[in-house]
Amino acid sequence: NAGVTQTPKFQVLKTGQSMTLQCAQDMNHNSMYWYRQDPGMGLRLIYYSASEGTTDKGEVPNGYNVSRLNKREFSLRLESAAPSQTSVYFCASKGATDYQPQHFGDGTRLSIL
Amino acid sequence: KNQVEQSPQSLIILEGKNCTLQCNYTVSPFSNLRWYKQDTGRGPVSLTIMTFSENTKSNGRYTATLDADTKQSSLHITASQLSDSASYICVVSADYGQNFVFGPGTRLSVLP
């Protein structure tokens, strides 16, 4: 039971570098999400995709872009990394009805030097 | 502003003891309230989901309560085990959409 798979698990970047975080789910969920988790704060939504072909901004979208490649995959791109983007990034997916849990991956720990 | 607060920030208990974690929210309109468990280095895992009409929901040794009038929820853990050491996150779903408001979590440590 893979659930939600995120790659890579760890990454160190220099300021100004770019990279893409990958996320894939095998539960046939329509909705997918990208969050960041910082110490002492709740998870904050970066972007979400309610269905294949659609994406919407969340609470903290600046500096990020996303692509919903197909129903399974939802990627997050940092075009020019900044130290403020050092965080743990979580991808999640959820089924169609409101009364279903979000399923999370195990996160990507990203450090920007 | 939609907000979820949790207390205490951290808690240490001995194995076998019970504990209760608190969640207060100011989220409108309210759809449902969720509790998640997050082990160190892992993603959150769902424990319970409650709508406004549900007062109590259990999942094994975990029992969540909801008072929609006072906008408070609690998570009670019975007969704690070492494996209960984790962060517990309260999440409120607003407006039946994709708006999930996360609390900062309570860090629970269970000692032998």
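A short tour of the structure in this document, coming up.

What counts, and where the lines are drawn
- Residues numbered from 1 in each chain as written.
- Chains lettered and ligands numbered in written order.
- Predicted model: local features only at pLDDT ≥ 70, side-chain atom pairs only at ≥ 80, totals over all residues.
- Heavy atoms only, no water.
- Helix = DSSP H or I, 4+ residues; strand = E, 2+ residues; numbered from the N terminus.
- Rg over C-alpha atoms; globule rule 2.2 N^0.38 Å.
- Buried < 20%, exposed > 50% of the residue type's maximum accessible area, 1.4 Å probe, protein only.
- Contact = heavy atoms within 4.5 Å.
- Areas by Shrake-Rupley, 256 points an atom, 1.4 Å probe, with all protein chains shown as cover.
- Buried area = accessible area lost by both parts, 1.4 Å probe.
- Salt bridge = Lys/Arg side-chain N within 4 Å of Asp/Glu carboxyl O.
- Polar contact = N/O pair within 3.5 Å; in protein donor to acceptor, adjacent residues only side chain to side chain.
- Pairing = 2+ DSSP bridges.
- Axes fitted to C-alpha atoms, helices over the stretch in contact; angles between N-to-C directions.
- Phe/Tyr/Trp six-rings, centres within 6.5 Å; stacked < 30°, edge-to-face > 60°.

Secondary structure summary: chain B contains zero helices and eleven strands in total. The order of helices and strands in chain B, counted from the N terminus, is β-β-β-β-β-β-β-β-β-β-β. Computed over its C-alpha atoms, the radius of gyration of chain B comes to 13 Å, within 12% of the 13 Å expected for a compact globule of 112 residues. If you line up chain B on its principal axes, its C-alpha atoms span 40 × 25 × 20 Å. Counting over 112 residues, chain B shows a buried share of 46%. Contacts in chain B between residues far apart in sequence, at least 24 positions, make up 56% of those at least 6 positions apart. Of the roughly 5200 Å² of accessible surface on chain B, 49% is carried by carbon and sulfur atoms.

This part takes up the interface of chain A and chain B. Taken together, the contacts link 22 residues of chain A with 24 residues of chain B. When the two sides are added together, the surface that chain A and chain B hide from each other amounts to roughly 1700 Å², 51% of it contributed by carbon and sulfur. Our enumeration of links across chain A and chain B arrives at one salt bridge. Two residues, Arg42(B) and Asp106(A), come together in a salt bridge whose shortest N-O distance is 2.9 Å. Our count for the contact surface shared by chain A and chain B stands at nine residue pairs in polar contact (both at pLDDT 80 or more).

Residue and element names in this part refer to chain A. Structurally, Val88 can be placed in strand β9 (residues 87–94). Between the alpha carbons of Val88 and Lys9 there is a distance of 9.5 Å; along the sequence they are 79 residues apart. Residues within four places of Val88 in sequence aside, it is in contact with Tyr35, Arg36, Gln37, Gly107, Thr108 and Arg109.

Moving on: the sheet that holds strand β1 (residues 4–7) of chain A. The pairing of strands in a sheet comes from backbone hydrogen bonds and takes either a parallel or an antiparallel form. All names here are of chain A. With antiparallel pairing, the four strands of this open sheet are ordered in space as β1-β3-β8-β7. Of all strands in the sheet, those bounded by a partner on one side alone are β1 and β7 (64–68). For this sheet the average axis-to-axis angle between neighbouring strands, irrespective of direction, equals 15°. Where strand β3 (residues 19–25) lies against strand β8 (residues 74–78), three bridges are found, and the strand directions are antiparallel. Bridge pairing in β8 links Met19 to Leu78.

So, about the packing of aromatic side chains. Counted according to the given criterion, the structure contains ten aromatic pairs over all chains. Summarising the aromatic geometry, the rings of Tyr33(A) and Tyr35(A) are spaced 6.1 Å apart at their centres and angled 20° between planes, so their arrangement reads as stacked. Note on accessibility: Tyr33(A) and Tyr35(A) belong to one class, buried. Consider the rings of Tyr62(B) and Tyr88(B), whose centres lie 6.0 Å apart with planes at 45°: the pair is tilted.

Attention now moves to the pairing of strand β1 (residues 3–7) of chain B. Residue and element names in this part refer to chain B. Across the two faces of β1 the burial differs, with Val4 and Gln6 buried and Gln3, Glu5 and Ser7 not buried at all. Two elements, β1 and strand β3 (residues 19–26), share five bridges in a ladder whose sense is antiparallel. Looking across to β3, one finds that Ser7 is bridged to Gln22.

By themselves these figures say nothing about function.
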